[in-house]
Amino acid sequence: SEGTAPTEGAIVFGQVTMSPKTVGAWVDFSRKLMLQSSISVESMVRNDLYASLGLEIDRASLNGAGTGSEPSGILASTSVGTSTIGAQGGAPTWASIVELETLVAAGNADRGRTAYFFNSKTRGKLKTIVKSTSAVAGFIWESDNTVNGYQTYVTNQLPSNLTKGTSTTICSAAIFSSDWSMGVLGLFGAPDITVDPYTKADTGQVKITLNQFADFGVRQPAAFAKIEDILTT
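Just so you know, these numbers come straight off a predicted model, no measurement behind them. (Residues numbered from 1 in each chain as written. Predicted model: local features only at pLDDT ≥ 70, side-chain atom pairs only at ≥ 80, totals over all residues. Heavy atoms only, no water.)

Asks: Account for the sheet that holds strand β1 (residues 21-30), naming residues and giving values.
Replies: The 3 strands are arranged β1-β9-β8 in an open sheet whose pairing can be described as antiparallel. On the outer flanks of this sheet lie β1 and β8 (183-196), each paired with one strand and no other. Each strand axis lies, on average, 15 degrees off the axis of its neighbour in the sheet, ignoring direction. Here β1 pairs with strand β9 (residues 205-218) via 10 bridges, running antiparallel. Each residue of the ladder has a partner; that of G24, found in β9, is N211. Strands in contact with helix α2 (residues 41-63) are β1, β8 and β9; relative to β1, the strand with the most contacts, it is inclined by about 150 degrees. (Pairing = 2+ DSSP bridges. Helix = DSSP H or I, 4+ residues; strand = E, 2+ residues; numbered from the N terminus. Axes fitted to C-alpha atoms, helices over the stretch in contact; angles between N-to-C directions. Contact = heavy atoms within 4.5 Å.)

In structure tokens, the structure reads:
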């Protein structure tokens, strides 16, 4: 009202705690291989190790179990929105896919930086399912590689061996987000590379080991929604 001071509010803070968890890879190769002149063998091996670490960090970010020394990924979060198809799982429908968008919007997290993540089996299934019985409805997976107008990404880091009811180890997962930056990847320092030409010197081998400290946390769970009972067969 006129002449009345507004009621003071208070900012509410949450906290996402991260701790260093080790991911590593190593490979042995022979000194004889290093003498080959066609390629830089050590550089090739280092690049392969970096790729291996990147894939594992990616998998843990999406599907880490959150137990032991493994980060807790998006699928393991009990706070993100969840859409279910059926007690035994089921084929994806237009309604079940769109429900993911609705869950994010209902959490006031619809920022417009939206994207879907599917595995390759789910992509194949969505390309064969029409949105409705209307002859002009079209397939869920559009010809321009979008779903409902949103960008889509395909990665087999999302599992296809989940269980729902009697559907044992055959269910797939999918994730929708309005802002993927709400999934925070913490890297503690740079990757550590150790080249060991000594331990296996008697057999003429060199060992390269790569280690990285990393963790993953969901900053705002409302920005994500998931399905974990998609049947693709």
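Having put the structure on the table, let's press on.
Asks: Requested: an account of the environment of G86, with residues and values cited.
Replies: Note that G86 resides in the loop between β2 (81-83) and α3 (94-106). Considering only alpha carbons, one finds G86 and G165, 79 residues apart in sequence, at a separation of 8.9 Å. Ignoring sequence-local partners within four residues, the contact set of G86 consists of K164 and D229.

Asks: Give a detailed account of the nonpolar core, specifying residues and quantitative values.
Replies: One broad rule of soluble globular proteins: the nonpolar side chains tend to lie buried together. Within the largest apolar cluster, 29 residues are counted, with the highest numbers of intra-cluster contacts made by I74, I97, Y116, F118, V147, I175 and F224. Listing elements by their share of this core, those giving two or more residues are α3, β3 (115-118), β7 (167-177), β9 and β10 (224-231). Formed by 12 residues, the second largest nonpolar core is a distinct cluster that contains F29, L53, L210 and A214. (Core = buried A, V, L, I, M, F, W, Y, C linked by side-chain atoms within 4.5 Å. Buried < 20%, exposed > 50% of the residue type's maximum accessible area, 1.4 Å probe, protein only.)

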